[in-house]
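Residues per chain, in single letters:
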Amino acid sequence: QVHVVESGGGLVQAGGSLRLSCVASGRAFSSYAMAWFRQAPGKEREFVAFINRSGAITTYADSVKGRFTISRDNAKNTMYLQMNSLTPEDAAVYYCAADYSGRNYREGSAYAYWGQGTQVMVSS
């Protein structure tokens, strides 16, 4: 069993930055890959970024590539999402997903555990 809790959301002006955190507990943190997803009002949940167990492999949605950085600190049981150059299109609830199953990492069904989400709002 894995329990994950996101934090760090808030209101930021367009062009600004935020750093989201996801703290996990339960199984050994370094034993599973993780990802960030987001869901804007009226839209489907979408993949944002993926990171493997060691943090050596990362991948991003095209919409955030070059602006967002996913990372993890296995000693602190924490995954991060550094978000720069935010636009109103980035506004959403951001979710941490844990325990990647090995299927398509861009699909939410590939993860067994989810946090409650943290709200990101971007003013224009």
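Each remark here, short or long, concerns the structure printed above.
Parameters and conventions
- Residues numbered from 1 in each chain as written.
- Predicted model: local features only at pLDDT ≥ 70, side-chain atom pairs only at ≥ 80, totals over all residues.
- Heavy atoms only, no water.
- Phe/Tyr/Trp six-rings, centres within 6.5 Å; stacked < 30°, edge-to-face > 60°.
- Helix = DSSP H or I, 4+ residues; strand = E, 2+ residues; numbered from the N terminus.
- Buried < 20%, exposed > 50% of the residue type's maximum accessible area, 1.4 Å probe, protein only.
- Lys NZ or Arg CZ within 6 Å of the ring centre and 35° of its normal.

Engineer: I'm lost on the packing of aromatic side chains in this one. Help?
Structural biologist: Two aromatic rings, taken as a pair, are described by how far apart their centres are and by the angle between their planes. Within the structure shown, the criterion is met by 9 aromatic pairs. On the numbers, 5.1 Å between centres and 40° between planes, the contact of Phe50 with Tyr105 is tilted. Taken as a pair, Phe50 in strand S5 (residues 46-51) and Tyr105 in the loop between strand S9 (92-100) and strand S10 (111-114) lie far apart in primary sequence, 55 residues in all. Note on Phe50: relative accessible area 8%, which makes it buried. Between Tyr100 and Tyr111, the ring centres sit 5.6 Å apart and the planes meet at 35°, which makes this aromatic pair tilted. Note that Tyr100 is positioned in strand S9 and Tyr111 in strand S10, a separation of 11 residues in sequence. The buried category is assigned to Tyr111, whose relative accessible area is 5%. Above the ring of Phe37, the side-chain terminus of Arg45 is found at 5.8 Å from the ring centroid. A cation sits over an aromatic face here: Arg72 above Phe29, 4.4 Å from the ring centre.

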